[in-house]
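A look at the structure
Each chain is listed here by its residues.
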Amino acid sequence: MDDTATSSIGPTEARALLEHADRTSRRAHDAVRWPYVGFITALGVSTALGTLAMGLTTGTAFAAVYVGTLATVFALMLCFLIAIRGRSAFARSRRWTVYMASWTVTYCAAIAVVAWVHGSVLWSGITSGLVLVVALACAAWESRS
């Protein structure tokens, strides 16, 4: 093995190589992270609006909102899975699990309001707003990580 190639790199060149590696690493991390941020944001907005509308409507309007919310969530999941194909770096992380658990808890609370306090503008607004706030907080946290 020839050690002359490694000994000819000076401190300035080594620093430049390290900076280049850091920039490349950051770009790769950003490319993987943004589909997650977009998914969390879109999921929060669609489910918050869906639960608010479900809590305030009845009959065929309720059915339309329910089916529309389900279709939107499934479309978001499909687009998300296509976007992260081969780059599911965060899908198994603790942070992603916390994001999804937080959204699930608030979404279940909003659905409980739809089921048990149907028609309450106050409770529908509070729980739907909470779904949105939690999702946006998770997306903001992920975008800054």
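For the structure, see preceding data.
Notes on the structure in this doc start here. Sequence order as written defines residue numbering, which begins from 1 separately in each chain. Where totals are concerned, whole chains, interfaces and linings use all residues; where local detail is concerned, this predicted model gives features only for residues with pLDDT of at least 70, and gives and counts side-chain atom pairs only at 80 or more. Note that water and hydrogens are dropped before the side-chain values are worked out from all heavy atoms of the structure.

With that out of the way, let us pick up the overall build of the protein. When helices and strands are tallied, the protein shows five helices and zero strands. Strands are runs of DSSP state E lasting at least 2 residues, helices are runs of H or I lasting at least 4, and numbering of each runs from the N terminus. When the helices and strands of the protein are listed from N to C terminus, the series reads α-α-α-α-α. For the protein, long-range pairs separated by at least 24 residues make up 83% of all intrachain contacts whose partners lie at least 6 apart in sequence. Total accessible area on the protein stands at roughly 9200 Å², and carbon and sulfur atoms take up 71% of it. Throughout, a contact is declared for two residues whenever any of their heavy atoms are within 4.5 Å. What sets the accessible areas is the Shrake-Rupley method with a 1.4 Å probe; for residues, cover comes only from the shown protein chains.

Any pair of Phe, Tyr and Trp rings, taking the six-membered ring for Trp, is counted once the centres come within 6.5 Å. Such a pair is stacked with planes under 30 degrees apart, edge-to-face with planes over 60 apart, and tilted for the rest. Across all of its chains, the model carries eight aromatic pairs by this definition. Where tyrosine 36 meets tryptophan 96, the ring centres are 4.8 Å apart and the plane angle is 90°; that geometry is what we call edge-to-face. Of the two residues, tyrosine 36 sits in helix H2 (residues 11–56) while tryptophan 96 sits in helix H4 (residues 94–116), which places them 60 residues apart along the sequence. Each of the two residues, tyrosine 36 as well as tryptophan 96, counts as buried. Arranged with centres 4.3 Å apart and planes meeting at 20°, the rings of phenylalanine 39 and phenylalanine 80 form a pair that is stacked. Placement of phenylalanine 39 in helix H2 and of phenylalanine 80 in helix H3 (residues 59–83) is noted, with a sequence separation of 41 residues between them. With relative accessibility at 8%, the residue phenylalanine 39 sits in the buried group. Three exposure classes are used, based on accessible area relative to the maximum for each residue type with a 1.4 Å probe and protein chains only: buried under 20%, partly exposed in between, and exposed over 50%. In this structure phenylalanine 80 comes out as buried when scored by relative accessible area, which is 10%. Each residue in the set Tyr36, Phe39, Phe80, Trp96 and Tyr99 is aromatic and connected to the rest through ring pairs, giving one cluster.

Attention shifts here to the nonpolar core. Buried Ala, Val, Leu, Ile, Met, Phe, Trp, Tyr and Cys residues that are joined via side-chain atoms within 4.5 Å together make up what is termed a nonpolar core. Counting 22 residues, the largest nonpolar core has Phe39, Ile40, Phe80 and Trp96 as the members making the most contacts within it. Listing elements by their share of this core, those giving two or more residues are H2, H3, H4 and helix H5 (121–144). Filtering out sequence-adjacent residues up to four positions away, phenylalanine 39 remains in contact with Leu76, Met77, Phe80, Trp96 and Met100.

Multiplying one less than the number of residues by 1.5 Å gives the expected span of a helix. Its 23 residues give H4 an end-to-end C-alpha distance of 33 Å, which sits within 8% of 33 Å, the value for a rise of 1.5 Å per residue. For H4, every residue scored as buried is listed here: Trp96, Tyr99, Trp103, Thr106, Tyr107, Ala110, Val113 and Val114.

On to the side chain of threonine 57, then. Looking at the element boundaries, threonine 57 is found in the loop between H2 and H3. Looking at threonine 57, its side chain comes within polar contact range of the main-chain oxygen of alanine 53, at 2.8 Å. For threonine 57, the residues in contact, after removing those within four places along its chain, are Phe62, Val65 and His118. As used in this structure description, the phrase polar contact means that two N or O atoms lie within 3.5 Å; if the pair is within protein, one of them must be able to donate a hydrogen and the other to accept it, and residues adjacent in sequence are counted only when both atoms belong to side chains.

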